[in-house]
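Spelled out from the first residue to the last, the chains are:
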Amino acid sequence: MKAFDEPETPQYRARLTALVDGIVERRRQIARLQAEEAELLRDAQGLALERMDAPSAHPDRPGDIPLRSIAAEIGAATVQSDRTVQTRMSDAAILVERFPATLAALSDGRISRAHATVIADAGLPIADNDARAAYEAAVIPLAATETPGRLRPAARRLADRFHPLPLDERHRAARRERRLWTTTLDDGMAELGLIGPAHLIHGIYDRATQFATSILDAERHPDTGDQLDGLEAEPTPDRRTLDQVRADVACDLLLTGQPAAAPESTSPVRARIQVTIPVRSLIGDDDEPAHLSGYGPIDAATTRCLAAHAPGWDRLFTDPDTSALQLVDRYRPSEAQRRMLKARDEHCRFPGCRQPTDRCDVDHTIARAHDGPTTVWNLGHFCRRHHLLKHHSAWRVRQRPDGILEWTSPLGRVYDDRPARTLTFAPAPF
């Protein structure tokens with residue numbers, strides 16, 4: 001008795017293959033048209049700039065009136081806001097003029113417009129043309145195999161690698177821009193924004209999340225103390241969602257220093273962050289950036305400060321040739337395999353999924369029922385959706401020694417999912 005429906009008939013497989021191939025081809029055609037549209041938008045901006053540079057018979061009018069007028073013309077013709085069109089014109093000019101290799105990949109249908117946006121956003125701070133071209137050469141092959149969500153942190157790491165200015169110097173300048181602000185919203189609401197060092201902002205969010213989860217546990221299971229399964233329930237008139245409680249906790253902490261209705265067990269909660277620190281940076285012999293999990297590169301000075309106050313360290317050993325994570329150990333050993341997996345995976349290991357490991361199950365690639373060993377190379381993080389897909393559909397997964405998970409679809413197509421930490425490994429083109 002099979003627990004799932006397999007595409008057994010040739011007719012089914014032929015129809016599904018034709019559908020998938022058709023969608024892939026249409027996506028290529030859309031990407032090519034979007035590349036052409038980007039060039040047209042860039043040309044429209046160029047036309048506006050020419051008129052802005054020309055002498056005007058109305059010296060008192062705003063200098064960007066030609067740009068506004070052309071954006072309004074395009075917006076009216078395409079049923080878009082002229083402000084949106086003006087932003088798209090600027091984005092298109094950046095893509096066409098500063099990222100020609102990315103534009104070519106988009107035109108060839110190798111990447112989508114969303115991939116191109118991620119590449120441009122991450123690489124824009126690189127002012128040097130040669131360094132930016134080297135960054136493109138390294139990031140485009142990744143974009144061809146990863147979703148935009150997976151690509152974003154890898155692109156940030158690559159952009160940092162090719163940036164001519166050290167991260168420490170850039171971080172010192174960026175810290176001067178830290179600020180807190182409010183924006184008035186409708187219906188008696190307002191928005192609070194905070195820009196600060198990445199490790200502090202992630203720590204604040206994690207602390208609020210831990211408090212909120214503990215409060216929800218206490219509200220839902222006041223007698224048993226049962227833990228949540230990590231999945232957010234639908235809101236009801238008498239039940240808050242995790243997002244709602246997290247916002248309430250943040251307000252309570254800022255106003256009173258203590259979250260309202262927090263159970264006693266939450267009082268010693270400490271934010272937990274994961275930072276991968278090159279050993280030479282740790283001892284001060286180098287200023288190579290560290291990597292903050294879920295964010296990207298952070299400066300060496302900050303990481304040395306974090307290491308000095310850390311209650312314990314995880315040591316990550318990587319392959320010198322491929323950068324694949326090989327081993328994690330700890331001076332005070334505890335749950336070494338789980339730490340290794342969290343450090344290696346960072347998120348669900350189904351292709352394209354970004355669900356963080358805290359919301360995933362640790363699953364045996366070869367099931368225990370089939371004598372699969374409980375070893376790191378037979379374990380991986382899967383969110384509930386993809387965990388169920390693995391066990392109750394014709395999707396199959398095989399784990400290779402380098403941590404790459406090889407997924408095979410019901411049609412027999414193979415998709416590799418690489419550990420996040422190895423995505424940016426590539427020989428320097430210089």
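Residues numbered from 1 in each chain as written. Predicted model: local features only at pLDDT ≥ 70, side-chain atom pairs only at ≥ 80, totals over all residues. Heavy atoms only, no water.

Q: Help me understand the overall build of the chain, please; the structure alone is not making it clear to me.
A: Helix and strand content of the chain: 14 helices and 12 strands. Residues counted as buried form 35% of the 430 residues belonging to the chain. A separation of at least 24 residues holds for 53% of the contacts in the chain among residues at least 6 apart in sequence. For the chain, the computed accessible surface area is about 25500 Å², with 54% contributed by carbon and sulfur atoms. (Helix = DSSP H or I, 4+ residues; strand = E, 2+ residues; numbered from the N terminus. Buried < 20%, exposed > 50% of the residue type's maximum accessible area, 1.4 Å probe, protein only. Contact = heavy atoms within 4.5 Å. Areas by Shrake-Rupley, 256 points an atom, 1.4 Å probe, with all protein chains shown as cover.)

Q: Looking at this model, I keep getting lost on the sheet that holds strand E11 (residues 405-408). Mind explaining?
A: Pairing is antiparallel in the open sheet, where three strands are placed in the order E10-E11-E12. The sheet is open, and its two edges are formed by strand E10 (396-399) and strand E12 (414-417), each paired on a single side. Across the sheet, the mean angle separating the axes of adjacent strands is 25° when strand polarity is ignored. Examined bridge by bridge, E11 and E12 share four bridges and lie antiparallel to one another. Bridge assignment links Leu405 to a residue of E12, and that residue is Asp417. (Pairing = 2+ DSSP bridges. Axes fitted to C-alpha atoms, helices over the stretch in contact; angles between N-to-C directions.)

Q: Help me out: how do you make sense of unusual backbone geometry in this one?
A: Excluding glycine, most residues fall at negative phi; most peptide bonds, likewise, are trans. For Val79, which is not glycine, the phi dihedral falls at a positive 55°. Residue Val79 is classed as exposed on the basis of its relative accessible area of 76%. The phi torsion at Glu346 lies on the positive side, around 70°, for a residue other than glycine. Note on Glu346: relative accessible area 14%, which makes it buried.

Q: What am I meant to see in the pattern of salt bridges here?
A: Once the charged atoms of two side chains with opposite charge are near each other, the side chains can pair. Throughout the structure, instances matching the rule amount to 19 salt bridges. We note a salt bridge from Asp108 to Arg110, for which the minimum N-O separation is 3.6 Å. Taking the relative accessible area as the measure of exposure, Arg110 reaches 46% and is therefore partly exposed. For Arg246, the salt bridge is made with Asp243, and the minimal N-O distance between the two is 2.5 Å. Of this pair, Arg246 and Asp243 both sit in helix H10 (residues 242-256), separated by three residues, roughly a single helical turn. Assessed through its relative accessible area of 11%, Arg246 is described here as buried. Within the structure, one salt-bridge network assembled from shared partners comprises Glu146, Arg150, Arg344, Asp345, Arg349 and Asp417. (Salt bridge = Lys/Arg side-chain N within 4 Å of Asp/Glu carboxyl O.)

Q: Would you mind showing me how to read a nonpolar patch on the surface here?
A: A cluster of nonpolar residues, Leu180, Leu192, Leu194, Ile204, Leu254 and Leu255, forms a patch on the protein surface that exposes about 680 Å² of accessible area. For the nonpolar patch, the elements supplying multiple residues, two or more each, are strand E2 (190-195) and H10. Looking at the element boundaries, Leu180 is found in strand E1 (residues 179-184). (Patch = residues over 30% accessible without salt bridge, like charges linked within 9 Å, V, L, I, M, F, W, Y side chains within 5 Å.)

Q: What's the story with the layout of surface pockets in this structure? I'm lost.
A: The gaps of empty space that remain are located by a probe, the size of a water molecule, rolled over the atoms. Empty space within the second largest pocket amounts to approximately 1200 Å³. Val24, Ala144, Thr145, Thr147 and Tyr415 are, among the 41 residues lining the second largest pocket, the residues nearest its centre. Breaking the lining of the second largest pocket down by element, the ones donating at least two residues are helix H1 (10-53), helix H5 (113-123), helix H7 (148-162) and E12. Of all the elements, H1 adds the most residues to the lining of the second largest pocket, at 10 residues. (1 Å grid on protein atoms, 1.4 Å probe; cavity = no way out; pocket = protein on both sides within 12 Å on 5 of 7 lines; lining within 4 Å. Points joined across faces, edges and corners; volume = space filled by probe spheres on them.)

Q: Can you walk me through the packing of aromatic side chains in this structure?
A: The geometry of an aromatic ring pair comes down to the distance between the two centres and the angle between the two planes. Evaluation of the coordinates by the stated rule reveals five aromatic pairs. Look at Phe382 and Trp407: their rings are 5.5 Å apart centre to centre, the planes differ by 70°, and that puts the pair in the edge-to-face class. Placement of the pair is Phe382 in strand E9 (residues 379-383) and Trp407 in strand E11, with a sequence separation of 25 residues. Phe382 gets classed as buried once you look at its relative accessible area, which sits at 0%. By way of ring pairs, the aromatic residues Phe350, Phe382, Trp395, Trp407 and Tyr415 are connected into one cluster. (Phe/Tyr/Trp six-rings, centres within 6.5 Å; stacked < 30°, edge-to-face > 60°.)

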